[in-house]
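# An overview of the molecular structure
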Amino acid sequence: NLKAADLRFEMAQLAQRAGQPGEALVVLEEGYAAGTLGTGAQAAEHGKLRDQLRRQAAADKADRTAAESAARRAADGTGLVDLGWSVLTSAGGEGAGAAAESGLALMEQGVAKGGLKRASELRLHLGIAQLAAGRKDAAKQTLGALAGQIGSDPLATLVRLWNLYAQAPAMLPPRP
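Nothing here was measured: the structure is a model prediction, and the numbers come from that model. (Residues numbered from 1 in each chain as written. Predicted model: local features only at pLDDT ≥ 70, side-chain atom pairs only at ≥ 80, totals over all residues. Heavy atoms only, no water.)

## Here we look at the overall build of the protein
Tallying secondary structure elements over the protein gives eight helices and zero strands in all. Along the protein, from the amino end to the carboxyl end, the secondary structure elements read α-α-α-α-α-α-α-α. Against the 2.2 N^0.38 benchmark of 16 Å for 176 residues, the protein shows a C-alpha radius of gyration of 17 Å, consistent with a compact globule. For the protein, the residues scored as buried account for 36% of the 176 residues in total. By sequence separation, contacts in the protein at least 24 residues apart represent 54% of the contacts at least 6 residues apart. Averaging the locations of the 20 positively and 18 negatively charged side chains of the protein gives two centres separated by 2 Å. (Helix = DSSP H or I, 4+ residues; strand = E, 2+ residues; numbered from the N terminus. Rg over C-alpha atoms; globule rule 2.2 N^0.38 Å. Buried < 20%, exposed > 50% of the residue type's maximum accessible area, 1.4 Å probe, protein only. Contact = heavy atoms within 4.5 Å. Lys, Arg positive; Asp, Glu negative; His and termini not counted. Charge placed at Lys NZ, Arg CZ, Asp CG, Glu CD.)

## Observations concerning the packing of aromatic side chains
Applying the stated criterion to the full structure yields one aromatic pair. Here the aromatic rings of Trp162 and Tyr165 are separated by 5.7 Å at their centres, their planes lie at 85°, and the arrangement is edge-to-face. Here Trp162 and its partner Tyr165 are both found in helix H8 (residues 156-167), three residues apart, which amounts to about one turn of the helix. When its relative accessible area of 55% is taken as the criterion, Tyr165 is described as exposed. Above the face of the Tyr32 ring, Arg50 is positioned so that its terminal group lies 3.6 Å from the ring centre. (Phe/Tyr/Trp six-rings, centres within 6.5 Å; stacked < 30°, edge-to-face > 60°. Lys NZ or Arg CZ within 6 Å of the ring centre and 35° of its normal.)

## Details of helix H7 (residues 136-149)
Taking 1.5 Å as the rise per residue, H7 with 14 residues should run 20 Å; its terminal C-alpha atoms sit 20 Å apart, in good agreement. Of the positions making up H7, those classed as buried are Ala139, Thr142, Leu143, Leu146 and Ala147. Along the axis of H7, the buried positions cluster into a sector of 125°, meaning they face one direction only. Seen from the open side of H7, the exposed residues pointing more than 90 degrees away from its buried face are Asp137, Gln141, Gly148 and Gln149. In this structure, the buried residues of H7 make contact with helix H6 (119-132) and H8. (Expected span 1.5 Å × (residues − 1). Arc of directions from axis to C-beta.)

## With respect to the nonpolar core
Formed by 21 residues in total, the largest nonpolar core has its most connected members in Trp85, Leu88, Met107, Leu124, Ala129 and Val159. Those elements that place two or more of their residues in this core are helix H4 (78-89), helix H5 (96-113), H6, H7 and H8. Looking at this core element by element, the count peaks at six residues for H6. (Core = buried A, V, L, I, M, F, W, Y, C linked by side-chain atoms within 4.5 Å.)

## Description of the pattern of salt bridges
A full pass over the atoms with the stated rule returns nine salt bridges. Here Arg8 makes a salt bridge to Glu30, at a shortest N to O gap of 3.4 Å. Pair noted here: Arg8 is in helix H1 (residues 5-17) and Glu30 is in helix H2 (residues 21-34), with a separation of 22 residues, a long-range link. Residue Arg8 is classed as buried on the basis of its relative accessible area of 7%. Note on Glu30: relative accessible area 44%, which makes it partly exposed. A salt bridge links Glu29 to Arg50, with the nearest nitrogen and oxygen atoms 2.6 Å apart. Of this pair, Glu29 sits in helix H2 while Arg50 sits in helix H3 (residues 43-73), placing them 21 residues apart in sequence. What makes Arg50 buried here is its relative accessible area of 19%. One connected set of salt bridges, linked through shared partners, spans Glu29, Arg50 and Arg54. (Salt bridge = Lys/Arg side-chain N within 4 Å of Asp/Glu carboxyl O.)

The values are spatial; any link to function lies outside them.
What follows is the structure in structure tokens.
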């Protein structure tokens, strides 16, 4: 939904700083496809970031097996959830469905493993991922449980909003 090139470029930079080069690359490539990036006075800057993100995303993908192995050996499920979120958000283009399912499975395994650091945030990510994957009933359960126990957590408002969104009936007809 980002129409302005500067907002899309900034979002890609923020995703990169958050350690999500795959997600950043998806945002940037969408801007190139829409014709809002890669043109004008900042075209060189856009291209530089695009090249940088392509290298970082490729390195992430190459390191994914080792990262998954380390996350599975960890005492808690935080690494599995973070890795699953990374896989899910960088799933673009062909094979996106399989990658999204793989990422969602890692997230679910991480939450089931327990001992999460940033538990509210990671469970919120799981609920959002379930919604994105079309698993509305699972998302309702995840977000509803989280909303019921979040209390005065700084994420409380965000959790409640996502929970309301999950509970809402479909507003638009499905795409053909």
